[in-house]
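Structural overview
One letter stands for each residue in the lines below.
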Amino acid sequence: MRLVLVGPPGAGKGTQAEFIADHFAIPKISTGDIFRGNVSGGSDLGKLAKKYMDAGDLVPDEVTVAMVRERLAEDDAKVGFLLDGFPRTIGQAHELDAILNEFDAALDIVLDLEVDNDEVVRRLSGRRLCKRCGHVWHVEFDPPKVPGICDKCGGELYHRDDDYPDTVRHRLDVYVRQTRPLIEFYNGREQLVGMDAHGPVEDVTERAIALLAPFAG
Ligand SMILES: [Zn+2]
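Just so you know, these numbers come straight off a predicted model, no measurement behind them.

About the thresholds
- Residues numbered from 1 in each chain as written.
- Predicted model: local features only at pLDDT ≥ 70, side-chain atom pairs only at ≥ 80, totals over all residues.
- Heavy atoms only, no water.
- Axes fitted to C-alpha atoms, helices over the stretch in contact; angles between N-to-C directions.
- Helix = DSSP H or I, 4+ residues; strand = E, 2+ residues; numbered from the N terminus.
- Parallel < 35°, antiparallel > 145°, perpendicular 65-115°, else oblique.
- Left-handed = near helix turned anticlockwise from the far one by under 90°.
- Contact = heavy atoms within 4.5 Å.
- Nonpolar A, V, L, I, M, F, W, Y, C, P; charged D, E, K, R; others polar.
- Polar contact = N/O pair within 3.5 Å; in protein donor to acceptor, adjacent residues only side chain to side chain.
- Phe/Tyr/Trp six-rings, centres within 6.5 Å; stacked < 30°, edge-to-face > 60°.
- Buried < 20%, exposed > 50% of the residue type's maximum accessible area, 1.4 Å probe, protein only.
- Donors = N, O, S within 2.8 Å, 3.2 Å for Na, K, Ca; no water.
- Tetrahedral: all angles 85-135°; square planar, octahedral: opposite > 155°, others 65-115°.
- Salt bridge = Lys/Arg side-chain N within 4 Å of Asp/Glu carboxyl O.

1. A few points about the packing of helix 6 (residues 117–125) against helix 7 (residues 165–188)
For the pair helix 6 and helix 7, the least separation of the axes is 9 Å and the interaxial angle reads 130°. As judged from the angle between their axes, helix 6 and helix 7 are oblique. With respect to the hand of their crossing, helix 6 and helix 7 are arranged in right-handed fashion. Contacts between helix 6 and helix 7 involve N117, D118, V120, V121, L124 and S125 from the former and P165, V168, R169, R171 and L172 from the latter. For the contact of helix 6 with helix 7, the per-class residue count stands at 6 nonpolar, 2 polar and 3 charged.

2. A look at the side chain of S30
Looking at where S30 falls in the secondary structure, it is placed in strand 2 (residues 28–30). At a separation of 3.1 Å, a polar atom in the side chain of S30 contacts the main-chain amide nitrogen of D33.

3. Let's talk about the packing of aromatic side chains
Inspection of the entire model under this criterion finds 1 aromatic pair. Residues F185 and Y186 carry aromatic rings whose centres are separated by 5.1 Å and whose planes lie at 65° to one another, so their mutual orientation is edge-to-face. As far as the burial class goes, F185 and Y186 line up, both buried.

4. Digging into the side chain of H159
Mapping H159 onto the fold places it in the loop between strand 7 (157–158) and helix 7. Looking at H159, the relative accessible area reads 18%, which means it is buried. Within the structure, the side chain of H159 is placed 3.4 Å from the side chain of R128, a separation counted as a polar contact. For H159, the side chain forms a polar contact with the main-chain oxygen of D163, separated by 3.4 Å. Residues in contact with H159, not counting those within four places in the same chain, are S125, R127, R128 and Y164.

5. A look at the coordination of the zinc ion
Protein coordination of the zinc ion is provided by C130 (SG), C133 (SG), C150 (SG) and C153 (SG), with donor distances spanning 2.3 Å. Note that the zinc ion binds 4 donor atoms; their angles at the metal cover 98 to 115°, and the shape is tetrahedral. In primary sequence terms, the donor set of the zinc ion follows C-x2-C-x16-C-x2-C. Taken together, the positions of C133 in the loop between strand 5 (127–130) and strand 6 (136–138) and C153 in the loop between strand 6 and strand 7 put the pair 20 residues apart, joining distant regions of the chain.

6. Focus: the environment of F19
Inspection of the secondary structure puts F19 in helix 1 (residues 13–24). For F19, a relative accessible area of 40% translates into the label partly exposed. Separated by 187 residues in sequence, F19 and E206 place their C-alpha atoms 9.5 Å apart. Excluding anything up to four places from it in sequence, F19 contacts V201 and T205.

7. Re the pattern of salt bridges
Applying the stated rule across the entire model yields 20 salt bridges. Measuring nitrogen to oxygen at the nearest pair gives 2.3 Å for the salt bridge that ties R69 to E102. You can see R69 sitting in helix 4 (residues 61–72) and its partner E102 sitting in helix 5 (residues 90–102), a full 33 residues away along the chain. Classification of E102 by relative accessible area gives partly exposed; the value is 48%. With a closest N to O distance of 3.9 Å, D162 and R160 form a salt bridge. Residue D162 is classed as partly exposed on the basis of its relative accessible area, which comes to 36%. The exposure class of R160 is partly exposed, given its relative accessible area of 26%. Linked by salt bridges that have partners in common, R127, R160, D162, D163 and R171 make up one network.

So, in C-alpha cells, the structure goes:
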C-alpha cells in the first residue's frame, strides 16, 4: 500500500502514522525524519539543505524532492509506504507521481484526518511542556498531579507560544490555505478519503485500519 497521510496540526497525524505503518508493515516516511537523517548523516543533499537552513532560507523544492526520491528508492519502500509531510503542494504531488512512475508504481490512497477547528484548538492549547525533560502534558486529557509541575522529573511546565489559541487558529488558517488545493487535486483524481479523526486515539486508529484494509496487498 502506497499511502499519503494528511491532516491539520493537532489531528494526531504523527501518532496515527506510527500505528498505521506498524499495522500494515510498511515504513513510515516523514519529511522531518528524512531531513534530520540527511543532515546528521552528512549526505551531499543534507549538506546542501543545511546551507539553506543555516542562512535562514527555505530549502528549495528540488532538494526536498531529491531526498524523498532517494528514500523511496530504498528496499523497504518497495512493499509500500506511508508518507507524512510530503507532498505539500500540487507541484510536489506531480513530482511524487514522476518518482513512482520511475519505479513502476502508483499512489493508492490519500487519507485525510478530519478534525474540526474548535477541537484542534482544544487539543493544542491545553498542551504543557516540561522545561526539563520535554514531556508533553495536557491540562484536560493528561494533567500532571500538581498543576504546572512535571510528574516525571519535577520540572516546570510551560505553554509553548505556538499553542496559544490565537496562534493555533492562525496555524490552522495557514494549513487550510496551503493544503486545500492539494486535497482538491487528489479528490479530483478520486484518491482522497476523508476520515473523522475525533475521539480516542485507539478508536481513530481502528477506523483508519478498517478503511485502509482494502488497499493493502
Ligand atoms: Zn519533566
